There are 2 protein chains.
Amino acid sequence: MREKLEKYYSFVFEKELIDEIVQVGVYKKLRENEILVDLGDKMKGIPLLLEGAIKIVREDKNGEEILLYFLERGDTCASSFASAISNGKCGIRATAEKESEIIFLPKEKLDEWMLKYKSWRNFVIESYNIRLNEMMETIDSLAFMNMSERLYKYLTDKAQIMRETSLNTTHQDIAYDMHTSRVVISRLLKQLENEGKIKLHRNKIEILEF
Amino acid sequence: MREKLEKYYSFVFEKELIDEIVQVGVYKKLRENEILVDLGDKMKGIPLLLEGAIKIVREDKNGEEILLYFLERGDTCASSFASAISNGKCGIRATAEKESEIIFLPKEKLDEWMLKYKSWRNFVIESYNIRLNEMMETIDSLAFMNMSERLYKYLTDKAQIMRETSLNTTHQDIAYDMHTSRVVISRLLKQLENEGKIKLHRNKIEILEF
DNA sequence: ATTATTTTGTGATTTACATCACTTAATTTA
DNA sequence: TAAATTAAGTGATGTAAATCACAAAATAAT
């Protein structure tokens, strides 16, 4: 745990803070598709992502989903931070897209560290900024792009987060994330394949052009 | 300035902090439609809204707009905070929807106060949370609602922010905010009128049902 | 190996919204 | 007061995406 913490966070956190994190943080390994945070959960702390990829989705009353963004190593979940500090509920679901490793930080420390460590203050603010910007990008996609453009962005974004050039996924799963139907995704994927940007296989999409 | 500050912020900030704000804050009155923050601006501080209503919009490369959310008294612009602290650019435009009053806080103080005042830390975190939640609501609207529902939500939300039951606006302005065409808005408004939810006038929309 | 299940492909149809083209009404300006 | 401008109403048509219905592969289960 200390090793990975130092690998990804030594440029972010002071040494003393890393020491504290090692002491109070709870290491956890997440299986693929394991739910880390669910709708309405009250967070008792926040996760710091050491390795892997986490998908953050929003769900409405009818159980329909829309992807908000992905987290990768070095990220934290700003929504949890909010929820942890204010004792409020979390409006999102966080699912491990692949096996991941996190450190869970107890909420009691969150405010304490704000006083003690400038690097922590920066990290918190920076995390919120990144998340606000991701949300704006999501809004841009929904408001300004058509399905084909959104789909291509989805594929390339996800490939980057997963650090792979092929994605192991079904058309139906993509449709859930993008809040559309499988038929639409299948047709647009075929179109992207014809344009030479991707190559389709069963349960797998190769991305040829980034 | 002190008077309004105490009126809306005395339950939020410690007395000492209010004193400091009075000392270093710059009071500014905004005319209707005055631009407070524009795309790409580098913020030298953040605005604290004393009175009025501010519209926050996102713009894409083609100059097309989409409304993100409104600010009202007691709010601050989290996006500016981000930009001010990190010296980065602001990805939004903020326009006064009606005559408004703000206090501009210089960025040098922002981090200093994080150390000194717990109420300030809470306020900053709380502001980010509110903004994240507003963005999620915007995403919900775009992803899950049809135009008619979005329009009705737009009207009632805006009426609430403006503290009026009628809005002085044109169909075209609404179309800009919602990133659609005037024709579509006119038709849907007529429909809402037939349902008895609103009453249409030239340059004015009365909301009959909230 | 045969059957069942999951995944993908594809035609046909519907619908919400976008776009075009033009009219009517209200308001402002000359 | 007439002309110009701005705001709103409305028919016709186009189009992206949603929905329905079913077929064809690929894979998993028996």
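Up top is the structure.
Cut-off values and rules
- Counting restarts for each chain, with residues numbered from 1 along the sequence as it is written.
- Just so you know, chain letters begin at A and ligand numbers begin at 1, following the order they were written in.
- Local features in this predicted model are restricted to residues whose pLDDT is 70 or higher, and side-chain atom pairs enter the listing and the counts only when it is 80 or higher, whereas totals over whole chains, interfaces and linings include all residues.
- The side-chain values count all of the structure's non-hydrogen atoms but skip hydrogen atoms and water molecules.
- The cutoff for a nearby residue is simple: one of its non-hydrogen atoms must lie within 4 Å of the molecule or strand.
- Throughout this description, a polar contact denotes any pair of N or O atoms lying within 3.5 Å of each other; where both atoms belong to protein, one of them has to be capable of donating a hydrogen while the other can accept it, and for residues adjacent in sequence the pair is counted only when both atoms sit in side chains.
- Starting at the N terminus, helices and strands are each numbered in turn, a helix being any DSSP run of H or I of at least four residues and a strand any DSSP run of E of at least two.
- Gly falls in the polar group here, along with every residue not listed as nonpolar (Ala, Val, Leu, Ile, Met, Phe, Trp, Tyr, Cys, Pro) or charged (Asp, Glu, Lys, Arg).
- Joining through side-chain atoms within 4.5 Å is the link that ties buried Ala, Val, Leu, Ile, Met, Phe, Trp, Tyr and Cys residues into a set, and such a set is a nonpolar core.
- Burial classes follow relative accessibility: with a 1.4 Å probe on protein chains only, a residue under 20% of its type's maximum area counts as buried, one over 50% as exposed, and anything between as partly exposed.
- We call two residues contacting when some pair of their heavy atoms lies within 4.5 Å.
- Here, two cysteine sulfur atoms that lie within 2.5 Å of each other are counted as a disulfide.
- When the copies are superposed, the least-squares fit takes in the C-alpha atoms of residues with a pLDDT of at least 70 in both.

Caption draft 1: Structural view of the protein's contact with DNA strand C. The immediate surroundings of DNA strand C are formed by 17 residues, with Arg182(A), Arg187(A), Arg202(A), Met147(B) and Thr180(B) found nearest. The contact atoms of DNA strand C, taken as those within 4 Å of the protein, divide so that sugar and phosphate hold 50%. A distance of 2.7 Å separates a base oxygen of DNA strand C from a polar atom in the side chain of Arg182(A). A distance of 2.9 Å separates a base oxygen of DNA strand C from a polar side-chain atom of Arg202(A). Secondary structure elements with two or more residues in the surface near DNA strand C: helix H8 (182-194) of chain A together with helix H8 (182-194) of chain B. Considering every element that reaches the surface near DNA strand C, the biggest residue donor is H8(A), with 4 residues. In terms of residue class, the surface near DNA strand C is built from 4 nonpolar, 7 polar and 6 charged.

Caption draft 2: Local environment of the nonpolar core. Counting residues in each nonpolar core, the largest one holds 98 residues, and the members touching the most others are Trp120(A) and Trp120(B). Every residue in contact with Trp120(B), bar those within four places of it in the chain, is listed here: Phe13(B), Leu17(B), Ile46(B), Phe81(B), Leu105(B), Leu110(B), Trp113(B) and Met114(B).

Caption draft 3: Structural detail: the side chain of Glu97(B). Residue placement: Glu97(B) occurs in the loop between strand E6 (93-96) and strand E7 (100-106). The class for Glu97(B) is buried, based on a relative accessible area of 11%.

Caption draft 4: Representation of the state of the cysteines within the structure. All names here are of chain A. Following the criterion strictly, the structure yields 0 disulfides over all chains and no others. A disulfide-free cysteine, Cys77 has its sulfur positioned 5.5 Å from the sulfur of Cys90, the nearest such atom. Assessed through its relative accessible area of 2%, Cys77 is described here as buried. Classification of Cys90 as buried rests on a relative accessible area of 3%.

Caption draft 5: How the structure looks around the relation of the copies chain A and chain B. For the pair chain A and chain B, the best superposition has an RMSD of 0.0 Å and corresponds to a rotation of 180 degrees with a translation of 0.0 Å parallel to the axis. The symmetry that links the two subunits is that of a two-fold axis. Taking C-alpha positions as the reference, the residue of chain A nearest the rotation axis is Leu115(A), at 2.7 Å. The residues that chain A uses at the interface reappear at the interface of chain B in 97% of cases, marking a shared surface.

Caption draft 6: Region of the structure containing the protein's contact with DNA strand D. Neighbouring residues of DNA strand D: 17 residues in total, closest Met147(A), Thr180(A), His171(B), Arg182(B) and Arg187(B). The share of sugar and phosphate among atoms of DNA strand D within 4 Å of the protein is 55%. The separation between a phosphate oxygen of DNA strand D and a polar main-chain atom of Met147(A) is 2.7 Å. A distance of 3.0 Å separates a base oxygen of DNA strand D from a polar atom in the side chain of Arg202(B). Within the residue set of the surface near DNA strand D, elements represented by two or more residues are H8 of chain A together with H8 of chain B. Its residues assigned to classes, the surface near DNA strand D comprises 4 nonpolar, 7 polar and 6 charged.

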